[in-house]
Each structure stands twice: as C-alpha cells, then as structure tokens.
Amino acid sequence: MIKVPPNELNAISSPWPFDAWGMDAIGPIEPIASNGHKLIMVAIDYFTKWVEAASYKVVTKKVIADFVKDQWKGSHEQLALIDGKRMNAVCHGQLNQNRMSRSFNKRVEPRQFAPGQLVLKKIFPHQHEAKGKFFPNWQRPYMVHRVLTGGALILAETDGEVWSKPINSDAVKRYYV
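Note that the structure is a prediction, hence the values are computed from the model and not measured.

Novice: Would you mind going over the environment of Lys3 with me for this structure?
Specialist: Structurally, the position occupied by Lys3 is in the segment before strand 1 (21–26). On a C-alpha basis, the gap between Lys3 and Glu109 in space is 9.7 Å, while along the polypeptide they are 106 residues apart.

Novice: For this particular structure, what's the right way to read the environment of Ile123?
Specialist: By the secondary structure assignment, Ile123 is in the loop between strand 4 (118–122) and strand 5 (138–147). Judged by its relative accessible area of 14%, Ile123 is buried. Through-space distance from the C-alpha of Ile123 to that of Gln139 is 6.3 Å; in sequence the pair is 16 residues apart.

Novice: Before we go on, may I ask you to explain the environment of Arg102 in this structure?
Specialist: Topologically, Arg102 is positioned in helix 2 (residues 76–105). Under the relative-accessibility criterion, Arg102 is labelled exposed at 54%. With 93 residues separating them in the primary sequence, Arg102 and Leu9 have C-alpha atoms 8.7 Å apart.

Novice: I keep staring at the sheet that holds strand 5 and nothing clicks. Help me out?
Specialist: Strand-to-strand pairing in sheets goes through backbone hydrogen bonds, with the strands running parallel or antiparallel. The strand order across the open sheet formed by five strands is 7-6-5-4-8, and the pairing between neighbours is antiparallel. In this open sheet, the two strands that pair with only one neighbour each are strand 7 (167–168) and strand 8 (172–174). Taken together, the five bridges between strand 4 and strand 5 define a ladder with antiparallel strand orientation. The residue of strand 5 that forms the bridge with Leu118 is Met143.

Novice: Hey, could you run me through the packing of aromatic side chains in this one?
Specialist: Between two aromatic rings, the relevant description is the distance of the centres plus the angle of the planes. Inspection of every chain in the model, using the stated rule, returns one aromatic pair. Summarising the aromatic geometry, the rings of Tyr142 and Trp163 are spaced 5.0 Å apart at their centres and angled 70° between planes, so their arrangement reads as edge-to-face. One end of the pair, Tyr142, is in strand 5; the other, Trp163, is in the loop between strand 6 (152–156) and strand 7, with 21 residues separating them in the sequence.

Novice: Just checking my understanding: could you explain the nonpolar core for this structure?
Specialist: A general trend in soluble globular proteins is that nonpolar side chains are found buried together. With nine residues, the main nonpolar core is built from Phe113, Val119, Tyr142, Val144, Leu153, Leu155, Ile167, Ala171 and Val172. Beyond its immediate chain neighbours, meaning those up to four positions away, Leu153 contacts Phe113, Val144, Arg146, Val147, Pro166, Ile167, Ser169 and Val172.

Parameters at a glance
- Residues numbered from 1 in each chain as written.
- Predicted model: local features only at pLDDT ≥ 70, side-chain atom pairs only at ≥ 80, totals over all residues.
- Heavy atoms only, no water.
- Helix = DSSP H or I, 4+ residues; strand = E, 2+ residues; numbered from the N terminus.
- Buried < 20%, exposed > 50% of the residue type's maximum accessible area, 1.4 Å probe, protein only.
- Pairing = 2+ DSSP bridges.
- Phe/Tyr/Trp six-rings, centres within 6.5 Å; stacked < 30°, edge-to-face > 60°.
- Core = buried A, V, L, I, M, F, W, Y, C linked by side-chain atoms within 4.5 Å.
- Contact = heavy atoms within 4.5 Å.

Printed below as a string of structure tokens:
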C-alpha cells in the first residue's frame, strides 16, 4: 500500500515550442577545444525536451539572434506550415499526457492525514541519516501539524517544534502505536 501513489498525476504542458525554454553557458572548458572554443552553450526546449549544445568563442545575444535567423533563412514555405505542425504537436502531446495520466491514476490510493496524527518520514539517499542497506528507511515519528492542498503536509517534532518546509505525503506513512 505504501508503494502506490497517494495523489493523481497533474500533467503540465507548454503550449508552443520554445514558449518555455532555458539557456545556460557551461564553461570555461579546460583545456580549450582544438577549434579555439572556450564555452559550451546549452539551449533546452521544455516543450519537446530536445537539448541542443554548441561551443562558442563569445557568448552574446547577437550569436543567438544570428543562429535563429540563419535557421529560417529562405524557408517561407515551412514558416507558412508551422502553425499546422504546432497544432499537430500540441494534440499529440495532450493525447500522450491523457494516456499517461489515466495509466498513473489507476494505481492511486488516496491517503488521508489529519492534524495530530503520527507519521514516519522516509529517509532519502541524499540525507545524512542514509547510511546503507542495513539501516532503517524511515525516521522517528513526527506529528502532522497542518494538511495542505495537493497532498503536502507540514510536520512538527513530537516536542512541538514545527518544520518550516512542507513535505509530500508520498514521503510519509502512518505510524501505528
């Protein structure tokens, strides 16, 4: 019962390609590349999850603007068809998200928590308490201080000290005395 998800999946999508994207410069590269490039620029499109990486001697807005302009130079026919392709991609993405959500939500077993209940908190691998496979996977009992929407909880120590950060309900389980 503890391995099943406690909440339904909330799929989030970006409506258009490059509507949500990020860029980062990784570098400096040591040693410098054979072609003299010192940095790597990475652009991530969160719509398609494709990653493009290229190295540049100088990273400026002009480089990015020239890159985009050169990509679409002389392809007016493709620009005219891009709206139809975008709509097809959006419809495909929504169908895939709906299919994924239906599959995920079949396994959901809601867990109800109330203030004052005792719970155990999972020990995550990055925590100092995670010491190996022969040590416990759950931390001592905590008390539920407040229940937030979306399956988040505010926990408190048994002595009454309230945590400032919420925790997902899938990282806790009821503690039965």
